[in-house]
Amino acid sequence: APKPNGTWGENVTVEFEDGIAWVTLNRPARRNAINPGIVWEMNAIMDALEADDRCKVMVVTGAGESFSAGMDLKEYFRATDSVPPIERERLFRANAAWQWRRMMQFPKPTISMVNGWCFGGAFQFLVASDLAVASEDAVFGLSEINWGIIPAGIVTKAVVEVMSFRDAMYYIMTGETFTGREAADMKLINKAVPAAELKDKTRDLARTLMGKNPYVLRQAKTAARFVKDLTWEQAGDYLMAKSDQTEFRDPENGRNTGMKQFLDDKSFKPGLETYDR
Ligand code: ACO
């Protein structure tokens, strides 16, 4: 298996466009199944993008007709059945890192743009990204049951977090596919749009996010992740501490600027728009 070397381009491409980093899984002939090459390259990409000013929002998508056909059964599973356990664990750990652990804590907003097939392991980064937009006719499935495994990694945890329990159980147990439109109805994703509009609508969403104070946006999304597992009392204390940290560290001093523009200058309405940055 390829070893981490801090570069990319063979299995994943990155294109910068006005603040958006379009990260494209690029194994269309394998329906963008996740092989070790993608794992190492995605880790290197996230290392680079978190510190690259050309990336204000990261969009993850797939080349060709597929978002991602899940884990590569040949290169990720079969090929690692016979390697020393520690090597396999290292690969699996690196995969968990990019697909959910780091994705959930990525300092910049992340959007999954689901352009086609989305199966199994692909649900990890689908759910761990902050927002998700799909083409109406994209096809999703928890196909694990169809080939004799349970949705492992963190897939089962991810789907019971974001889907209703009944929906999650239904698709875990039947392995049936569902469309982007159905995924939006079930709130697995934010919205489904016609395929021809997918990129434009995703760009619009990214631009909305880019209009916000980036430090506050990071704090807000991190807080939303953590409060889910806290009690009300803990959340109340944590959020006030997080809010103080945000005010203290925000390089833009957004809170005071926003307050001034509303109360003193009367130049904007916070209910309706973002303050003038
Ligand atoms: N792992 C390994 N190879 C794959 C994968 C995969 N997950 N998905 C597709 N490929 C390969 C196929 O073996 C095929 O290889 P070949 O050209 O050497 O025959 C090639 O990609 C093209 O795939 P086709 O099946 O021919 O493409 P088609 O468009 O007809 O079907 C589909 C696409 C429905 C996505 C199908 O490939 C499929 O069912 N893939 C597996 C999906 C899946 O269940 N993934 C695992 C989820 S479970 C998990 O991730 C833990």
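Our subject is the structure listed above.
Please read all numbers here as calculations on a predicted model, not as lab measurements.

Here we come to the sheet that holds strand β6 (residues 117-119). Here we have four strands laid out as an open sheet, ordered β4-β6-β8-β9, and mixed in their pairing. Every interior strand has two partners, whereas the edge strands, β4 (66-68) and β9 (177-179), have only one. This sheet shows a mean twist of 20° between the axes of neighbouring strands, independent of strand direction. As paired strands, β6 and strand β8 (residues 139-141) are joined by two bridges and run parallel to one another.

Across the sheet, six strands lie side by side as β1-β2-β3-β5-β7-β10; this open sheet has mixed pairing. Each of the sheet's edge strands pairs with one partner strand only, and the pair in question is β1 (12-17) and β10 (191-193). Put simply, the sheet's adjacent strands are angled 20° from each other on average, direction ignored. As paired strands, strand β7 (residues 131-135) and β10 are joined by three bridges and run parallel to one another. The residue of β10 that forms the bridge with S135 is V193.

For helix α11 (residues 254-263), the complete set of buried residues consists of G254, G258 and Q261. For α11, the arc enclosing every buried residue in end-on projection is 70°, short of the 170-degree limit, so these residues lie on one face.

Here is what the cut-offs are and how they apply
Residues numbered from 1 in each chain as written. Predicted model: local features only at pLDDT ≥ 70, side-chain atom pairs only at ≥ 80, totals over all residues. Heavy atoms only, no water. Pairing = 2+ DSSP bridges. Helix = DSSP H or I, 4+ residues; strand = E, 2+ residues; numbered from the N terminus. Axes fitted to C-alpha atoms, helices over the stretch in contact; angles between N-to-C directions. Buried < 20%, exposed > 50% of the residue type's maximum accessible area, 1.4 Å probe, protein only. Arc of directions from axis to C-beta.

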